[in-house]
Amino acid sequence: MTKEHSKWFQSWFDTSYYHILYKHRDYKEAEVFIKNIVNYLNLDKDDSILDLACGKGRHSIFLNTLGYKVTGLDLSKNSIEHAKTHESNSLHFDVHDMRDIYKTQFEVVLNLFTSFGYFEEEADNFKVIQTIKSSLKQNGIGVIDYMNSPVVIDNLIAQNTYEAEGVKFELKRSYTDGFITKDIKVNDADEIHHFEEKVRAFSFQDFETMLSNVGLHLLDCFGNYKLEPFNSKTSERLILIFMAND
Ligand SMILES: C[S@@+](CC[C@H](N)C(=O)[O-])C[C@H]1O[C@@H](n2cnc3c(N)ncnc32)[C@H](O)[C@@H]1O
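As the structure is a prediction and not an experimental result, all values here were calculated from the model.

The rules behind the values
Residues numbered from 1 in each chain as written. Predicted model: local features only at pLDDT ≥ 70, side-chain atom pairs only at ≥ 80, totals over all residues. Heavy atoms only, no water. Near = heavy atom within 4 Å. Polar contact = N/O pair within 3.5 Å; in protein donor to acceptor, adjacent residues only side chain to side chain. Areas by Shrake-Rupley, 256 points an atom, 1.4 Å probe, with all protein chains shown as cover. Nonpolar A, V, L, I, M, F, W, Y, C, P; charged D, E, K, R; others polar. Helix = DSSP H or I, 4+ residues; strand = E, 2+ residues; numbered from the N terminus. Salt bridge = Lys/Arg side-chain N within 4 Å of Asp/Glu carboxyl O. Buried < 20%, exposed > 50% of the residue type's maximum accessible area, 1.4 Å probe, protein only. Axes fitted to C-alpha atoms, helices over the stretch in contact; angles between N-to-C directions. Parallel < 35°, antiparallel > 145°, perpendicular 65-115°, else oblique. Left-handed = near helix turned anticlockwise from the far one by under 90°. Contact = heavy atoms within 4.5 Å. Pairing = 2+ DSSP bridges. Domains from an automatic or database assignment. Buried area = accessible area lost by both parts, 1.4 Å probe.

*Asks:* Any details on the site of the ligand? Residues and values, ideally.
*Replies:* Tyr 18, Ala 53, Arg 58, Asp 74 and Met 98 are the nearest of the 19 residues found near the ligand. The contact in question runs from a nitrogen atom of the ligand to an N or O atom on the backbone of Leu 75, over 3.2 Å. Within the backbone of Leu 112, a nitrogen or oxygen atom sits 3.1 Å from a nitrogen atom of the ligand. Starting from 590 Å² of accessible surface for the ligand in isolation, the protein chains cover 96%. In terms of residue class, the shell around the ligand is made up of eleven nonpolar, five polar and three charged.

*Asks:* Give a description of unusual backbone geometry that names residues and reports values.
*Replies:* The phi angle at Ala 53 is positive, at roughly 70 degrees, despite the residue not being glycine. Topologically, Ala 53 is positioned in the loop between strand E1 (48-52) and helix H4 (58-65).

*Asks:* Requested: an account of the pattern of salt bridges, with residues and values cited.
*Replies:* Applying the stated rule across the entire model yields twelve salt bridges. Here Lys 23 ties to Glu 165 by a salt bridge, and the two come within 3.2 Å at their closest N and O atoms. Taken together, the residues span a long stretch of sequence, with Lys 23 in the loop between helix H2 (16-21) and helix H3 (27-41) and Glu 165 in the loop between strand E6 (159-164) and strand E7 (167-176) at a distance of 142 residues. On the basis of relative accessibility, which here comes to 43%, the residue Lys 23 falls in the partly exposed class. When its relative accessible area of 55% is taken as the criterion, Glu 165 is described as exposed. We note a salt bridge from Glu 170 to Lys 185, for which the minimum N-O separation is 3.7 Å.

*Asks:* Can you lay out the packing of H3 against H4 for me, pointing to particular residues and giving the numbers?
*Replies:* Between H3 and H4, the least distance of the axes is 9 Å, while the angle of their chain directions is 55 degrees. Between H3 and H4, the angle falls in the class oblique. Of the two possible hands of crossing, H3 and H4 adopt the one that is right-handed. For the pair formed by H3 and H4, the contact residues are Tyr 27, Glu 29, Ala 30, Glu 31, Phe 33, Ile 34, Lys 35 and Val 38 on the first element and Arg 58, His 59, Ile 61, Phe 62 and Leu 63 on the second. Looking at the contact of H3 with H4, its residues break down into eight nonpolar, one polar and four charged.

*Asks:* Can you lay out the sheet that holds strand E9 (residues 191-200) for me, pointing to particular residues and giving the numbers?
*Replies:* The antiparallel open sheet is built from four strands, whose spatial order is E6-E7-E8-E9. The sheet is open, and its two edges are formed by E6 and E9, each paired on a single side. Sheet twist, expressed as the mean angle between neighbouring strand axes with direction ignored, is 20 degrees. Pairing of E6 with E7 involves six bridges; the strand directions are antiparallel. What sits directly across from Tyr 162, in E7, is Phe 169.

*Asks:* An account of the sheet that holds strand E11 (residues 237-244) is needed here, citing residue identities and associated values.
*Replies:* Spatially, E3-E2-E1-E4-E5-E11-E10 is the arrangement adopted by the seven strands of the open sheet, whose pairing is mixed. Each having just a single partner strand, strand E3 (91-95) and strand E10 (216-222) make up the two edges of the open sheet. Across the sheet, the mean angle from the axis of one strand to that of its neighbour is 20 degrees, orientation sign disregarded. In this structure, strand E2 (residues 69-74) lies alongside E3, joined through five bridges in parallel fashion. Counterpart to Thr 71 in the pairing with E3 is His 92. Sheet strands touched by helix H8 (residues 204-213): strand E5 (136-147), E10 and E11. Its angle to E10, the strand with the most contacts, is close to 155 degrees.

*Asks:* Help me get a handle on the domain arrangement of the protein chain, residues and values and all.
*Replies:* If you check the domain split of the protein chain, you get domain 1 (4-148 + 202-244) and domain 2 (152-197). Opposite the 13 residues of domain 1 that make contact, domain 2 presents 17 residues. Together, the buried faces of domain 1 and domain 2 total about 1,400 Å²; carbon and sulfur atoms form 67% of this surface. Where domain 1 packs against domain 2, one counts one salt bridge.

Right under this line is the structure:
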């Protein structure tokens, strides 16, 4: 196993356990958010959309049912294999690392449900912003849906357990050196597996800097999937809307 293959985000998201743990973050949640965001963005029916780090494609699939041409990209082979069962002329999925520039440009690029901040190196996280920028057509719109880090840190539950589909999870959370870490112990029929999530706790100001450094212009910021205004002290989410100017 190479060093690169031992990164937490390459192993954890490719397991069935990730999907069991987050099964409550479902298609219904995705549909509510997508309806609101599509309404807000006022897109043309022939607009093309990139869902960067799409997982099994819950947002992509729903966007496609609304008539848009959608491409979903993700590093997880298993998730893309699942998503591909939904492919059509106007819905495509591919295995792709979001740090690498993609071959096509789109009117809209989405990065949803905290699919950002996974890399130890600042330069790698910044590469994702560069991928978003280079994937946008002129006047294209980008959307990043991220956690609101200060609220997550203030409300961190140090330890809890969860059980679903016969699998037991023991979860431990901490905030160290600018990263929010979730240690995940899985007990599946008495077989024990260990995983980790480690996400850089970027703030609104961090995003402002990263976006402006790459020439992306912030248009709006929302605090939840109903698209209510962002408040750094109380909002659940940090949803950034921005535009490529050149
Ligand atoms: C929190 S999940 C969100 C998935 C999807 N956006 C959703 O809302 O269901 C994060 C996703 O990022 C993907 N991911 C992690 N590292 C990646 C990388 N370097 N390039 C592309 N996708 C990556 C994972 O495989 C996972 O599907």
